[in-house]
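Here are the chains, one letter per residue:
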Amino acid sequence: MVKIRKILALAEKEVLIDIVKNVQKRKMKGAKGEWKEFLVEYDSQLGDSLLDPSKRPPACLVAFLNTFTKEQDLEFCEKIMTYHSNRKAIEQLNKSCIDVQSSPQKLASLTFEHPEYPKCFSFPSYDEDWVMMKIGKVSKAIKSTRMLSVDCEMVLCEDKTESLVQVCIVNRNLEVKLNELVKLDKPVIDYRTQIHGISAKDLERATCSLEDIQKSMKKLLSDGVVLIGHSLDKDLKALKVDHSRVIDTSLIFKYPEGHTHMRPSLNHLRKTVLGYDLRESDAPHNCLADAQAAMKLVLAKLENKFDGVIPLKIKEVFKIELVKLLFHAVPIAVPQKQLRRLFPKDSTVKLQVSLTGENVYNSSAVFKESMEACNGFESIKGEEGKDSSGVPQKVISLDIKYKKDAGSVSFYVRKVLKKVSSDKNPADKRSIQVEETKEQNKKPTKNSDQYDHVKEIQRLKKDLSDRSPADKRSIQVEETEDQNKKQKKHSDQCDHDKEIRRLKKEIKERDSELIHAQNILADLIKIREL
């Protein structure tokens, strides 16, 4: 307690101002009351007429903070001081000559400089149940080569928050430093067993609490240690740990120009950079394997001596289809007409129910123009963030009346993903691209021309039959002897051209149905992960 008071006396004014402002927000009381009450007694001339802490001298701010004696209040003040100390240390680390920094520290700087870093790694670190790690002395941290990699698994709770259920940490030799199941402290609505393989029964044997995990991490993350992870901000939020020096493998590996706004998946990085899949398709996550994969990726990056971005062979790219938004996990108590009111009255939006569940449903909001969809998303009031794939989404809260009940409900709206591929995926392989040449528009003059048309029709019919294997409807087309004969009549040529156009049109319609089905499947997968 005495140590904290000494630090307060030596703290810079901007730090003192931040502490007092946060104390005001939380309406914390010292021995002489809140900030306003303290000023009445402390300053007989101005009293509480000047409440802005930035316009008060440091001595006044220190005097107010010295009125706090409770341990939890002093710990709160210490957290804010640690935050400012870490920020100052990071600035010094990043300003240091690159030749002085160790290789891990260089990658940590690369993560810190990424445009997404401020948004992703801004945590509510001052909250009581959060732990803030200290960077320590810059002179030691700048040369440190110690690295640890972490991965976490979470469940969805009734209050729509995520709770930690497993954490794994490995060192640069891939040795396990921590591998624990975590006891739950809140009711769960979705264990997400299909994602990580952990069931409610598995968690019955958990002995560690979140607080126990935080204590273990305090010991592991000493001065200068760089923490590694993939989409690490999500893991730190689950751990409720604020560690400033990090390497996020979703930020240091980038897609080629034109796709730099996207964050590659861990499985895609492992396959592209390391040469093998992280897991089989639809197999549950392996927390330990994911932590080791992130460490391997960083080691692979270090071996390239920072000569630029490791080239990625993109096989699956997600683009934002701005003509559509998706409302998901909407309680049945919220009618679609209430969703419609979230958009301007003159909007062209049309709502379509795409999936219904026991107590919730999904609804697609379809617009005529992409710009209108973008503006529609911006016009919706709600806390903005990103889903597990990095797609912009908002949390919407509404007060509703349902039958005789009334209350507040929450659900999500996000931009819709459309999957496209640079390599041919199954959907692409089914698509037909027939080159329309000048010869196809000319009248046949040779037997070979007539035979080519018959062959083209047969090929298109076969492709059309193959593209709907699950739809047990076979295409029955009468193959007449006349179609197999070589004919030179212009009327037959026109019939063949007409048949080709008809088949192409039907193929195009089937492709549209297939794309629509894929979009619904993608939505279902997203809902399952929530």
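Residues numbered from 1 in each chain as written. Predicted model: local features only at pLDDT ≥ 70, side-chain atom pairs only at ≥ 80, totals over all residues. Heavy atoms only, no water.

### Concerning the overall build of the protein
Across its full length, the protein carries 22 helices and 14 strands. A buried classification covers 43% of the 530 residues belonging to the protein. Residue pairs in contact within the protein that sit at least 24 positions apart in sequence constitute 68% of those at least 6 positions apart. Accessible area of the protein: about 30,200 Å², with a carbon and sulfur share of 50%. (Helix = DSSP H or I, 4+ residues; strand = E, 2+ residues; numbered from the N terminus. Buried < 20%, exposed > 50% of the residue type's maximum accessible area, 1.4 Å probe, protein only. Contact = heavy atoms within 4.5 Å. Areas by Shrake-Rupley, 256 points an atom, 1.4 Å probe, with all protein chains shown as cover.)

### Focus: the side chain of Asp242
On the secondary structure map, Asp242 appears in strand S7 (residues 241-242). Although Asp242 lies buried, it forms no salt bridge, and the closest oppositely charged side chain, Lys79, sits 9.4 Å away as judged by the N-O distance. Reaching out from Asp242, the side chain makes a polar contact with the side chain of Ser125 at a distance of 2.4 Å. Not counting chain neighbours up to four residues away, the residues in contact with Asp242 comprise Phe123, Ser125, Trp130, Val131, Met132 and Met133. (Lys, Arg positive; Asp, Glu negative; His and termini not counted. Salt bridge = Lys/Arg side-chain N within 4 Å of Asp/Glu carboxyl O. Polar contact = N/O pair within 3.5 Å; in protein donor to acceptor, adjacent residues only side chain to side chain.)

### Considering the packing of aromatic side chains
Under the defined criterion, the tally for this structure stands at 14 aromatic pairs. Measuring from centroid to centroid gives 5.0 Å for Trp35 and Phe64, while their planes differ by 70°, and the two rings are edge-to-face. Note that Trp35 is positioned in helix H3 (residues 35-42) and Phe64 in helix H4 (residues 58-65), a separation of 29 residues in sequence. For the pair Phe76 and Tyr126, a centre-to-centre distance of 6.1 Å together with 85° between the ring planes defines the contact as edge-to-face. Note that Phe76 is positioned in helix H5 (residues 71-95) and Tyr126 in the loop between helix H7 (117-120) and strand S1 (131-132), a separation of 50 residues in sequence. Here Lys301 stacks its cationic end above the ring of Phe253, 5.3 Å away from the centre of that ring. For Lys394, the ring lying beneath its charged end belongs to Phe377, and the centroid distance is 5.0 Å. (Phe/Tyr/Trp six-rings, centres within 6.5 Å; stacked < 30°, edge-to-face > 60°. Lys NZ or Arg CZ within 6 Å of the ring centre and 35° of its normal.)

### Digging into the packing of helix H2 (residues 13-25) against H4
The geometry of H2 relative to H4 is characterised by a closest axis approach of 10 Å and an angle of 45° between their N-to-C directions. With respect to H4, the axis of H2 lies oblique. Considering the relative orientation of H2 and H4, their crossing is left-handed. Across from Lys13, Leu16, Ile17, Ile19, Val20 and Val23 in H2, the residues of H4 making contact are Pro58, Leu61, Val62, Phe64 and Leu65. A per-class count over the contact of H2 with H4 returns 10 nonpolar, no polar and 1 charged. (Axes fitted to C-alpha atoms, helices over the stretch in contact; angles between N-to-C directions. Parallel < 35°, antiparallel > 145°, perpendicular 65-115°, else oblique. Left-handed = near helix turned anticlockwise from the far one by under 90°. Nonpolar A, V, L, I, M, F, W, Y, C, P; charged D, E, K, R; others polar.)

### So, the layout of surface pockets
Remark: the empty space left among the atoms is shown by a probe the size of a water molecule rolled over them. By volume, the second largest pocket is sized at about 780 Å³. Lining the second largest pocket are 23 residues; nearest its centre among them are Glu75, Lys79, Glu128, Trp130 and Val131. Only H5, S1 and helix H11 (210-220) provide two or more residues apiece to the lining of the second largest pocket. The leading source of residues in the lining of the second largest pocket is H5, at 7 residues. Residues that form the lining of the second largest pocket fall into these classes: 8 nonpolar, 3 polar and 12 charged. (1 Å grid on protein atoms, 1.4 Å probe; cavity = no way out; pocket = protein on both sides within 12 Å on 5 of 7 lines; lining within 4 Å. Points joined across faces, edges and corners; volume = space filled by probe spheres on them.)

### Looking at the side chain of His84
Structurally, His84 is set in helix H5. Beyond its immediate stretch of four places on either side in the chain, His84 contacts Val15 and Asp18.

### Digging into the pattern of salt bridges
On inspection of all chains with the given rule, the structure shows 11 salt bridges. With a closest N to O distance of 3.7 Å, Lys32 and Glu41 form a salt bridge. Salt-bridge contacts for Asp202 lead to Arg205; the nearest nitrogen and oxygen are separated by 3.5 Å. By relative accessible area, Asp202 is classed as partly exposed at 23%.

### A word on the pairing of strand S6 (residues 226-229)
Residues Val226 and Ile228 point to one face of S6 and Leu227 and Gly229 to the other, with burial holding for every one of them. Taken together, the 3 bridges between strand S2 (residues 147-157) and S6 define a ladder with parallel strand orientation. Counterpart to Met147 in the pairing with S6 is Val226. Inspection of the sheet shows S6 paired to strand S8 (residues 246-248) by 3 bridges, in the parallel sense. Looking at the pairing, Leu227 lines up with Val246 of S8. (Pairing = 2+ DSSP bridges.)

### A word on the nonpolar core
The nonpolar side chains of a soluble globular protein tend to be buried, and buried together. Ranked by internal contacts, the top residues of the largest apolar core, which has 31 residues, are Phe121, Val167, Met217, Leu227 and Leu239. Among the secondary structure elements, those contributing two or more residues to this core are H7, S2, strand S3 (162-171), H11 and helix H12 (232-239). Apart from the residues lying within four places of it in its own chain, the contact partners of Val167 are Val150, Asp151, Cys152, Leu178, Asn179, Glu180, Val182, Ile213, Leu239 and Cys287. Leu39, Val62, Cys77 and Ile80 belong to the second-largest nonpolar core, a separate cluster that totals 25 residues. (Core = buried A, V, L, I, M, F, W, Y, C linked by side-chain atoms within 4.5 Å.)

### Details of the environment of Asp129
Within the fold, Asp129 resides in the loop between H7 and S1. With near-sequence residues (within four places) excluded, Asp129 lies in contact with Gln214 and Lys240.

### So, unusual backbone geometry
For Ser231, which is not glycine, the phi dihedral falls at a positive 50°. With respect to the helices, strands and loops of the structure, Ser231 is situated in the loop between S6 and H12. Taking the relative accessible area as the measure of exposure, Ser231 reaches 15% and is therefore buried. Here Ala329, not a glycine, exhibits a phi torsion of approximately 60°, which is positive. If you trace the backbone, Ala329 turns up in strand S9 (residues 317-331).

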